[in-house]
Amino acid sequence: MLLALGQGLPGLWALFAPRSFYDEFPFPGLGWVTRFPPYNEHLVRDLGALSLGLTAVLISAAVVPERRLVRAAAFGCLAFTIPHLIFHVAHLGRFGTADVVGQLISQVAPIVVSGCVLLSSRRD
């Protein structure tokens, strides 16, 4: 559910208020996405919709914790979060120290949680 929350809240924001998401994510005044212009409403809304799709799978795995579903959801989360982290690590020069730390924490955390889910759901 923690992974679903981390995907779902920004997903809802991007889908239903794409300009606000672009200008203010992760919090008003920070504007991390604005460092990668230009604004494209279609792409931001698509990101939101895809994030909500992943959220639905993560919630399903939390509600019905069948081993294969849980592992598929964790792998799906990793399929998004690892490339996302790699992109941002390659572009940290656009940000100040506090933003770099915030980005790294927010992007490494779901990778760690997904890894823990995979480890705890493996067969003995």
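A brief structural summary. (Residues numbered from 1 in each chain as written. Predicted model: local features only at pLDDT ≥ 70, side-chain atom pairs only at ≥ 80, totals over all residues. Heavy atoms only, no water.)

What to know about the overall build of the chain
Move 1: Helix and strand content of the chain: 5 helices and 0 strands.
Move 2: Ordered by position from the N terminus, the helices and strands of the chain form the series α-α-α-α-α.
Move 3: The C-alpha atoms of the chain give 15 Å as radius of gyration, which agrees with the globular expectation for 124 residues (14 Å, within 12%).
Move 4: Judged by the C-alpha coordinates and their principal axes, the chain covers about 45 × 30 × 20 Å.
Move 5: Split into buried and exposed, the 124 residues of the chain put 32% on the buried side. (Helix = DSSP H or I, 4+ residues; strand = E, 2+ residues; numbered from the N terminus. Rg over C-alpha atoms; globule rule 2.2 N^0.38 Å. Buried < 20%, exposed > 50% of the residue type's maximum accessible area, 1.4 Å probe, protein only.)

Remarks on the packing of helix α4 (residues 67–89) against helix α5 (residues 97–120)
Move 1: Running from N to C, α4 and α5 cross one another at 155°; their axes reach a closest spacing of 9 Å. One element, α4, and the other, α5, form an angle in the roughly antiparallel class. Between α4 and α5 lies a crossing whose hand is left-handed. Across from V70, R71, A74, F75, C77, L78, T81, I82, H84, L85, H88 and V89 in α4, the residues of α5 making contact are Q103, L104, Q107, V108, P110, I111, S114, V117 and L118. (Axes fitted to C-alpha atoms, helices over the stretch in contact; angles between N-to-C directions. Parallel < 35°, antiparallel > 145°, perpendicular 65-115°, else oblique. Left-handed = near helix turned anticlockwise from the far one by under 90°. Contact = heavy atoms within 4.5 Å.)

As for the pattern of salt bridges
Move 1: Evaluated as defined, the whole model comprises 4 salt bridges.
Move 2: Across the pair D99 and R35 runs a salt bridge whose closest N-O atoms are separated by 3.9 Å. Of this pair, D99 sits in helix α5 while R35 sits in the loop between α2 (18–24) and α3 (41–63), placing them 64 residues apart in sequence.
Move 3: What makes R35 partly exposed here is its relative accessible area of 28%. (Salt bridge = Lys/Arg side-chain N within 4 Å of Asp/Glu carboxyl O.)

Remarks on the packing of aromatic side chains
Move 1: Counted under the stated rule, the structure contains 7 aromatic pairs.
Move 2: On the basis of an interplanar angle of 55° and a centroid distance of 5.9 Å, the ring pair of W13 and F25 is categorised as tilted. With a gap of 12 residues between them, W13 in helix α1 (residues 2–16) and F25 in the loop between α2 and α3 connect regions that are remote in the sequence.
Move 3: On the basis of an interplanar angle of 80° and a centroid distance of 6.2 Å, the ring pair of F25 and W32 is categorised as edge-to-face.
Move 4: You can call W32 buried: its relative accessible area is 9%. (Phe/Tyr/Trp six-rings, centres within 6.5 Å; stacked < 30°, edge-to-face > 60°.)

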